[in-house]
Amino acid sequence: EALPLLDFATVFTQGAHRAVAEAFPRYGEKVVVLRHGVHNYPLVSQNQARQKLFAYFTQLDRIPLSEKTRLGRIEKSLTSRDTVLLGNYGFITQDKDPLQLYELGTLVQKRLPNHRVITLFVGKIQKRKDKKGELCLPILDRLKSIHDGKENLFYEDYIPESIFPFAFRALDVAVFWCNNATQSGRMAHAQGTGVPVAGRKWEGVGETLELSGLPAAETLEELSDKIAEIVREPKLEERLQELSRKYAEQYSFYNQAKKHLALEEAILNGGGLPVLDGEAADE
């Protein structure tokens, strides 16, 4: 109903472009790929980011004092090169099922027997009228049962945007492994911090990772191998940080906003729509 009335429609990924254009070939020329804008955060050290993140945890009333004491010990252990922190943040949903994150942590630990692998997820069920939150209660209960305060950490909270950049930078690897979701927004937060990002070769996540030159895998076993390689090879970790920052610079909100203006100018001048972030632009 909308496409006949629009001058153009933007989508975040090439995959979404193909899906819309194939479903509505009559209006395919109106669909333009304009990738999600990426936050360009000031560069901070991983230690600074971890201090900020753990200081935030200590302020949460829902975390008991005994748990905060254990968090202090975990934070100290993160100064060791032999400790690896994997994780992610966000709303708890069925399509962004975070339970597999802990399965991945177990697989990585097996591949790195001389390291201590800590898996962290912070999230809560989103209150929305169009989604039934009770459907996610079993996932929340499972997350609470997985939490042991040592290697598997879960905190029921939604990290505020002011802490997001520090939360992602605190990780050794930010993991995006969803069942059926693009996660463009959260990846934009993560890549803007320069943290190495790895995830599933699926939908928008996989397309963004491959475009960025970052690790993407089809199975958790394959991804655990790639993460173990990152930990073993500090030069590779540095390279992935550079790739995250390079992608963030290329697709910054400033650059993506200029592309919006280019679309507007083309419409006002009566010309054809420019190719922005699609296949022709990538070539």
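Refer to the structure printed above.
Residues numbered from 1 in each chain as written. Predicted model: local features only at pLDDT ≥ 70, side-chain atom pairs only at ≥ 80, totals over all residues. Heavy atoms only, no water.

Below, the discussion takes up the side chain of Arg50. Among the structural elements, Arg50 can be located in helix α2 (residues 46–58). Discounting residues that sit within four places of it in the chain, Arg50 has contacts with Glu75, Leu78, Leu85, Ala170, Leu171 and Asp172. (Helix = DSSP H or I, 4+ residues; strand = E, 2+ residues; numbered from the N terminus. Contact = heavy atoms within 4.5 Å.)

A few words on the packing of helix α9 (residues 220–232) against helix α10 (residues 234–250). Where α9 meets α10, the axes come as close as 5 Å, and the angle between the chain directions of the two elements is 105°. Classified by the angle their axes make, α9 and α10 are roughly perpendicular. Contacts from Glu229, Ile230 and Arg232 in α9 reach Pro234, Leu236, Glu237 and Leu240 in α10. A per-class count over the contact of α9 with α10 returns four nonpolar, no polar and three charged. (Axes fitted to C-alpha atoms, helices over the stretch in contact; angles between N-to-C directions. Parallel < 35°, antiparallel > 145°, perpendicular 65-115°, else oblique. Nonpolar A, V, L, I, M, F, W, Y, C, P; charged D, E, K, R; others polar.)

We now examine empty space enclosed by the protein. The final tally for this structure, using the stated rule, is two cavities of 30 Å³ or more. Contributing to the lining of the largest cavity are twelve residues, with Asn88, Lys96, Pro98, Val175 and Trp177 lying nearest its centre. Going through the elements one at a time, β3 (83–91) and β6 (173–176) are the ones with two or more residues in the lining of the largest cavity. Among the residues forming the lining of the largest cavity, the class breakdown is seven nonpolar, two polar and three charged. (1 Å grid on protein atoms, 1.4 Å probe; cavity = no way out; pocket = protein on both sides within 12 Å on 5 of 7 lines; lining within 4 Å. Points joined across faces, edges and corners; volume = space filled by probe spheres on them.)

Moving on, we come to the environment of Ser244. Take Ser244: it is sitting in helix α10. It is 6.8 Å that separates the C-alpha atoms of Ser244 and Ser212, two residues lying 32 residues apart in sequence. Look past the residues within four positions of Ser244 in its chain and what remains in contact with it is Gln191, Gly194, Val195, Val197 and Leu214.

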